[in-house]
Amino acid sequence: MVEIYNFVVGPLAWVGWGIFVVGIIYKLIYMYSLARAKDYSSLDYMSLPFSLRSIFVWSIPFYATNWKRNPAMTVATFLFHICLIAVPVFLLAHVVLWQKFFGITWATLPDQAADYMTLAVIAACVFFGVRRATDLRARYVTSYKDWLILILVASPFVTGFLAYHQIFNYKFMIILHIVSGLAWLALIPFTRLSHMFLGLFTRAYAGSEFGKVRHVKDW
Amino acid sequence: MSKKPMILILAAAAVLLFLLPAFSQEDIKQLADPAFGQAQRPAAVFDHDAHNEKAAIDGCLPCHHQGVEEGRFVEGDPVKCADCHEVKTAEGTPLMLAYHKQCEDCHLEKKKGPVTCGECHKRP
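Each value, and the rule that gives it
Residues numbered from 1 in each chain as written. Chains lettered and ligands numbered in written order. Predicted model: local features only at pLDDT ≥ 70, side-chain atom pairs only at ≥ 80, totals over all residues. Heavy atoms only, no water. Helix = DSSP H or I, 4+ residues; strand = E, 2+ residues; numbered from the N terminus. Rg over C-alpha atoms; globule rule 2.2 N^0.38 Å. Buried < 20%, exposed > 50% of the residue type's maximum accessible area, 1.4 Å probe, protein only. Contact = heavy atoms within 4.5 Å. Areas by Shrake-Rupley, 256 points an atom, 1.4 Å probe, with all protein chains shown as cover. Lys, Arg positive; Asp, Glu negative; His and termini not counted. Charge placed at Lys NZ, Arg CZ, Asp CG, Glu CD. Buried area = accessible area lost by both parts, 1.4 Å probe. Salt bridge = Lys/Arg side-chain N within 4 Å of Asp/Glu carboxyl O. Polar contact = N/O pair within 3.5 Å; in protein donor to acceptor, adjacent residues only side chain to side chain. Axes fitted to C-alpha atoms, helices over the stretch in contact; angles between N-to-C directions. Parallel < 35°, antiparallel > 145°, perpendicular 65-115°, else oblique. Left-handed = near helix turned anticlockwise from the far one by under 90°. Nonpolar A, V, L, I, M, F, W, Y, C, P; charged D, E, K, R; others polar. pLDDT = per-residue confidence, 0-100.

As for the overall build of chain B
- The helix and strand inventory of chain B stands at 4 helices and 4 strands.
- In chain B, the succession of α and β elements from N to C terminus is α-β-β-α-β-β-α-α.
- Taking 124 residues into account, the globule formula puts the C-alpha radius of gyration at 14 Å, and chain B, at 19 Å, lies well above it.
- Going through the 124 residues of chain B one by one, you find that 19% of them count as buried.
- For chain B, contacts bridging at least 24 residues in sequence account for 35% of all contacts bridging at least 6.

Some points on the overall build of chain A
- A tally of regular secondary structure across chain A gives 12 helices and 0 strands.
- When the helices and strands of chain A are read in sequence order from the N terminus, they spell out α-α-α-α-α-α-α-α-α-α-α-α.
- Taken across its 219 residues, chain A has 40% of its residues classed as buried.
- Sequence-distant contacts, at least 24 apart, represent 65% of the contacts inside chain A between residues at least 6 apart.
- As displayed, chain A offers around 12900 Å² of accessible surface, 72% of which is attributable to carbon and sulfur atoms.
- Computed over 18 positive and 9 negative side-chain charges, the inter-centroid distance for chain A is 6 Å.

Some thoughts on the interface of chain B and chain A
- Contacts between the two partners involve 21 residues from chain B, matched on the other side by 18 residues from chain A.
- Both faces considered, chain B and chain A share a buried interface measuring about 1800 Å² in area, 60% of it formed by carbon and sulfur atoms.
- The three residues of chain B that bury the most area against chain A are B:Gln40, B:Arg41 and B:Arg123, which together make up 29% of that side's buried surface.
- Linking chain B with chain A are 4 salt bridges.
- Note that A:Lys100 is salt-bridged to B:Asp105, the shortest N-O span being 3.6 Å.
- Between the two partners, chain B and chain A, sit 7 residue pairs in polar contact (both at pLDDT 80 or more).

Concerning the packing of helix H2 (residues 11–38) of chain A against helix H11 (residues 170–187) of chain A
Residues and elements named next belong to chain A.
- Between H2 and H11, whose axes approach to 7 Å, the crossing angle comes to 25°. When the axes of H2 and H11 are compared, the pair comes out roughly parallel. Between H2 and H11 the crossing geometry is left-handed. Contact with H2, carried on its side by Leu12, Ala13, Gly16, Trp17, Ile19 and Phe20, involves Val179, Leu182, Leu185 and Ala186 of H11 and no other residues of that element.
- Residue composition of the contact of H2 with H11, by class: 9 nonpolar, 1 polar and no charged.

Things to note about the pattern of salt bridges
- Inspection of the entire model under this criterion finds 10 salt bridges over all chains.
- With its nearest N and O atoms 2.6 Å apart, the salt bridge here joins A:Glu209 to A:Arg214.
- Look at A:Arg214 and you get partly exposed, because its relative accessible area is 48%.
- Three or more residues joined by partner-sharing salt bridges are found here, namely A:Lys100, B:Lys101, B:Glu104 and B:Asp105.

Points about the confidence of the model for chain B
- For chain B, the average pLDDT comes to 84, and 93% of its residues sit at 70 or higher.
- Interface scoring of the predicted complex returns ipTM 0.81; its pTM is 0.85.

Structural data, given as structure tokens:
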């Protein structure tokens, strides 16, 4: 057990985090070069104030018309994304590891709150899955990759929940949790999960074009 | 009156004085330091005597220490961890880290014993 644990929190963690960080930097440079080569004029549209305005406005639940149009989706997606980021970053057990390995700490969530937020992430994943299967428009743009991503995103939370409550074999579950979490990180740059960073630029572009060129709101 | 009975009585009293506290201390079965206040996780399971027998630890030093000199623990009286390690501190090792390091570093080094959260913080 000690050997496996040492491997997953040692070399495997460096590889997972390394691919995530280097991959994201590569992807951002690649997308910028692609835009420069194929659609140079679009770069001239970019405006920082309109970009930030659009990102800010779309960060408010039920403000944009599209948020009002799909209330269930709006609730699910806001809850999902907030919990998805907050739980892994502010979980006491994770901060304990940051402190042990790098000597740094920050604020933590009470375990009870993190537990409910984990359930919210899992519930949102179920909601997204049901929607993909039943909503005609969503079904039309869904491929097997979307299902794999949904499973990939849910797995660190499902295994984390089971490990925290020590349901089934704890040692197996905690290793599975670490491995699935690292796989999740490493695959962000190479899947649709890259919207974690690229989504901001998509929003920024829309905000810039609508604001600076068309002089209209983009929400 | 000869001094002999008096010395014997005094000696017996002295033995009782030191022996009773030594045996009356309850066996340590878990680490639940009250310094933490409201605990987030179940107390770490730790059977002091069984652990030391299994790990073949004779002295107090591998764990109980009075500070560090030149990177090595200095032996001292078995004082409470919280006497020196504060729960929240910018200087030195905070209490929770002290506990975690104390157990985990040794287990990692010896490649024996629990190293992940739930192996120690077991749910009842």
